[in-house]
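The residues making up each chain are set out below.
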Amino acid sequence: MTKKDKAKAYWRENIKYVLILLAIWFLVSYGAGILFKDELNTIKVAGFKLGFWFAQQGSMYVFVILIFAYVHLMNKLDKKYGYDS
Amino acid sequence: MILDAIMTAIGVQDWTYILVGLTFALYIGIAIWSRASSTKDFYVAGGGVSPWANGMATAADWMSAASFISMAGIISFAGYDGAVYLMGWTGGYVLLALMLAPYLRKFGKFTVPDFIGDRYYSNTARIVAVICALLVSFTYVAGQMRGVGIVFSRFLEVDINAGVIIGMFIVLFYAVLGGMKGITYTQVAQYCVLIFAFMVPAIFISFQMTGNLIPQLGFGSELTDGSGYLLDKLDGLSSELGFSEYTEGSKSTIDVFAITLALMVGTAGLPHVIVRFFTVKRVRDARKSAGIALLLIVLLYTTAPAVAVFARTNMIETVSNKPYANMPEWFKKWETTGLISFEDKNDDGNIQYVADATKNELTVDRDIMVLANPEIAKLPNWVIALVAAGGLAAALSTAAGLLLVISASVSHDLIKKVIKPSISEKGELVAARLSAVGAVVVAGYYGIHPPGFVAAVVALAFGLAAASFFPAIILGIFYKRMNKEGAIAGMVIGIVAMLLYMIKYKLGWFDDTLPDKSEWWFGISPEGFGTVAMVLNFVVSITIMKFTKAPPEGVQEIVENIRIPSGAGEASSH
């Protein structure tokens, strides 16, 4: 693989990760917390209506997890392509 | 036991002096220890900050007086709708970590206009970016100085103006002396102070009301008095008094969507946040420290909605339909500050707190929910005093971060890059310090004489950032063909659209009166319009780019280079 091809392949994999993680980002916040909150509010977990919980708690926990997932995936990807120096 | 006796013998006022005095001494000590000796120290703390230190500093930088003092109160009154701030001010970090921070760190310069100017090979683009950065930062910083003044005046009973001036000197001292280096390490200390000050009362109250030590779980638990789930009770109380149910909210779905997105994208486009990621050593550290920053922010942001519920329930139960004469001491105290006012409209001596404005007899300022919460819950004196130290830490750390962006915009982006490129390193450092002094003075002036529109505009700083920087940076990284014509046109049209909408629908300067909500475009409020302006920016940028020539070879190479994490040199000015 030439240097340029390697860079291209690395970038493609990176974009794939970003798109997947952003899809989850969108689903928990805009999906569960806003667009579908009324439907989810019919479900109750302890004292929380689920839509309300996603909007004021759950989405934020997922955000943190998403960033650390990206950190982990990219550290592995950097190693795979030898960009971890 | 002896310690216990001493702790209770000291009054709130003295505790406040002790805690505020100790924390200020700490900040000044750190500033002296971490003086800046080069422009690199001054702009990016030498570029060798560890991910944890940077994460803590970013969190303190991010959480302003508004997050600490006002947010829980806003949520308390807005119920579900408060989620726009919770999601909006945290979700942007995902965008930052995945789409901006690593690449900007690899790019390795000092400021956001640096990136815009180099990537779009144009000093016009650089100057447009500087103007946007100054506009965003100044509107934001004035609010912080005001916050410092308010905390001083309420807890230490000094005049608001004296409070602003004391705050100015403290910030001046460590921002001018230490630059980014001084700011970073004081922010680490400030994070510790503010999170401790926020969590301690929250944990106390959660335990009091629900028997659960974790506030995040507490507000979904059953009450200790056996009256069922706390949230059900609050929903019931709210509808009884004529408010909408706490967990339902009253904004339209499209507006909640637009505001949340504008705040998220705005967060990712704020220069004082972005610049923090220039201070770490490697690209991988930039990603990791964004994660740490968000973790530390979320600790407070998930506690705030719990505090909101505790405070709202406590308040309604204390005041609703109770005789005015029996109100506790805190009620009287906050009445003298004008934050609570009672008008006995039906002359029955009881307090009617209801949604119907013609019958409602109680006006409560939202800031009380955090400031008076410990008193309402009858917590010990030292906990009440802690809130003052926390509020000051939050306001000072954010103000300092913003001042640095302003000074770097002037000394680096304007003087070094445009007006006088031949300036020496020493000369630039002097210029940076002088512009920091100038910025503090201007910020202090606006803190003392707040123009009526500042409060309205602070919330819109996010819309401005979303409408200008975010698309230009994203396209600069992810779209190699993006050229200067497209980017400049996009930024100018985006920010002008945002300003016009804001002036028409938020400030009402175009008409004799403020236009009604029904006239909003697509039902989107000025706070949410940043989303529309951002989309407009993207569309304009891409359209113009299609009809103009591709950027030069060298620039396309820069883009290829920033996409690869290895070989990130230290941040440099050349």
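Remember, it's a predicted structure, so these values are computed and weren't measured experimentally.

**Considerations on the overall build of chain B**
Looking only at helices and strands, chain B has 24 helices and 2 strands in total. Taking 2.2 N^0.38 as the reference for a compact globule, 574 residues should give roughly 25 Å; the C-alpha atoms of chain B span a radius of gyration of 24 Å, in line with that estimate. Considered along the principal axes of its C-alpha atoms, chain B spans approximately 75 × 60 × 40 Å. The burial tally for chain B puts 57% of its 574 residues in the buried class. A separation of at least 24 residues holds for 81% of the contacts in chain B among residues at least 6 apart in sequence.

**Regarding the UniProt feature "transmembrane region" (unreviewed entry) in chain A**
When the UniProt feature table is mapped to this numbering, "transmembrane region" (unreviewed entry) covers residues 15-36 and 51-71 of chain A. Each end of residues 15-36 of chain A is marked by a C-alpha atom, and these two atoms are 28 Å apart; helix forms 95% of the span and strand 0%.

**Brief notes about helix H5 (residues 65-78) of chain B**
Residue and element names in this part refer to chain B. Compared with an ideal rise of 1.5 Å per residue, which puts 14 residues at 20 Å, H5 spans 19 Å between its outermost C-alpha atoms and is within 8% of the ideal. Met-71 marks where H5 bends most, by close to 45°. Within H5, 11 of the 14 residues are buried, which leaves it mostly tucked inside the rest of the structure. Considered for burial, the residues of H5 that qualify are Ala-65, Ala-66, Ser-67, Phe-68, Ile-69, Ser-70, Met-71, Ala-72, Gly-73, Ile-75 and Ser-76. Buried positions along H5 lie against helix H6 (83-107), helix H8 (123-155), helix H9 (160-210), helix H14 (283-319), helix H16 (368-371) and helix H18 (381-419). Directly beyond the C-terminal end of H5, a positive phi value near 60° is found at Gly-79.

**Here we look at the nonpolar core**
Most often, soluble globular proteins have nonpolar side chains that are buried together. Ile67(A), Leu194(B) and Leu403(B) are the most contacted members of the largest nonpolar core, which has 217 residues in total. Here the element with the most residues in this core is H18(B); it accounts for 21 residues. Excluding its chain neighbours within four sequence positions, the residues that come into contact with Ile67(A) are Tyr93(B), Val94(B), Ala97(B), Ala290(B), Gly291(B) and Leu294(B).

**Some remarks on the packing of H6(B) against H14(B)**
A packed helix pair is summarised by two numbers, namely the angle formed by the two axes and the spacing between the axes. Residue and element names in this part refer to chain B. Viewed as axis vectors pointing N to C, H6 and H14 meet at an angle of 170°, and their least axial separation amounts to 9 Å. Between H6 and H14, the angle is such that the two are roughly antiparallel. For the pair formed by H6 and H14, the contact residues are Leu-86, Trp-89, Thr-90, Tyr-93, Leu-96, Ala-97, Ala-101, Pro-102, Arg-105 and Lys-106 on the first element and Val-283, Ala-286, Arg-287, Ala-290, Gly-291, Ala-293, Leu-294, Ile-297, Val-298, Tyr-301 and Pro-305 on the second. Split into classes, the residues belonging to the contact of H6 with H14 amount to 16 nonpolar, 2 polar and 3 charged.

**A word on unusual backbone geometry**
All names here are of chain B. In this structure, Tyr-121 is a non-glycine residue whose phi angle is positive, near 35°. Mapped onto the elements, Tyr-121 comes out in the loop between helix H7 (112-119) and H8. With phi around 60°, Asn-321 is a residue other than glycine that occupies positive phi space. Tracing the backbone through its elements, the reader meets Asn-321 in the loop between H14 and helix H15 (329-336). Residue class for Asn-321 comes out exposed when judged on the 12 C-beta atoms lying within 10 Å of it.

**Quick notes on the interface of chain B and chain A**
How big an interface is tends to be stated in terms of the accessible area lost upon association of its parts. Each partner contributes to the interface: chain B provides 40 residues, whereas chain A provides 35 residues. Elements supplying a minimum of two residues to the side of chain B that touches chain A: H6, helix H11 (230-240), helix H12 (253-269) and H14 of chain B. At 11 residues, the largest contribution of residues to the side of chain B that touches chain A is made by H14(B). Per-class residue counts for the side of chain B that touches chain A are 22 nonpolar, 11 polar and 7 charged.

**Some thoughts on the UniProt feature "domain: Sodium symporter small subunit" (unreviewed entry) in chain A**
The sites that carry the UniProt feature "domain: Sodium symporter small subunit" (unreviewed entry) are, in the present numbering, residues 7-83 of chain A. The span residues 7-83 of chain A carries 83% helix and 5% strand; its end-to-end C-alpha distance comes to 10 Å.

**Points about H11(B)**
Helical geometry: 3.6 residues make up each α-helical turn, so side chains three or four residues apart lie on a common side. All of the buried residues in H11(B) are Leu230(B), Leu231(B), Lys233(B), Leu234(B), Asp235(B) and Ser238(B). Of the surrounding elements, those touching the buried residues of H11(B) are strand S2 (48-49) of chain A together with H9 and H14 of chain B. Gly242(B), located one to two residues past H11(B), shows a positive phi value of around 95°.

Reading the values: the criteria
Residues numbered from 1 in each chain as written. Chains lettered and ligands numbered in written order. Predicted model: local features only at pLDDT ≥ 70, side-chain atom pairs only at ≥ 80, totals over all residues. Helix = DSSP H or I, 4+ residues; strand = E, 2+ residues; numbered from the N terminus. Rg over C-alpha atoms; globule rule 2.2 N^0.38 Å. Buried ≥ 20, exposed ≤ 12 C-beta atoms within 10 Å, placed from the backbone. Contact = placed C-beta atoms within 7 Å. UniProt positions renumbered as here; feature names shortened; annotations may be inferred. Expected span 1.5 Å × (residues − 1). Bend = angle between axes of the 7 residues up to and from the residue. Core = buried A, V, L, I, M, F, W, Y, C linked by C-beta atoms within 7 Å. Axes fitted to C-alpha atoms, helices over the stretch in contact; angles between N-to-C directions. Parallel < 35°, antiparallel > 145°, perpendicular 65-115°, else oblique. Nonpolar A, V, L, I, M, F, W, Y, C, P; charged D, E, K, R; others polar.

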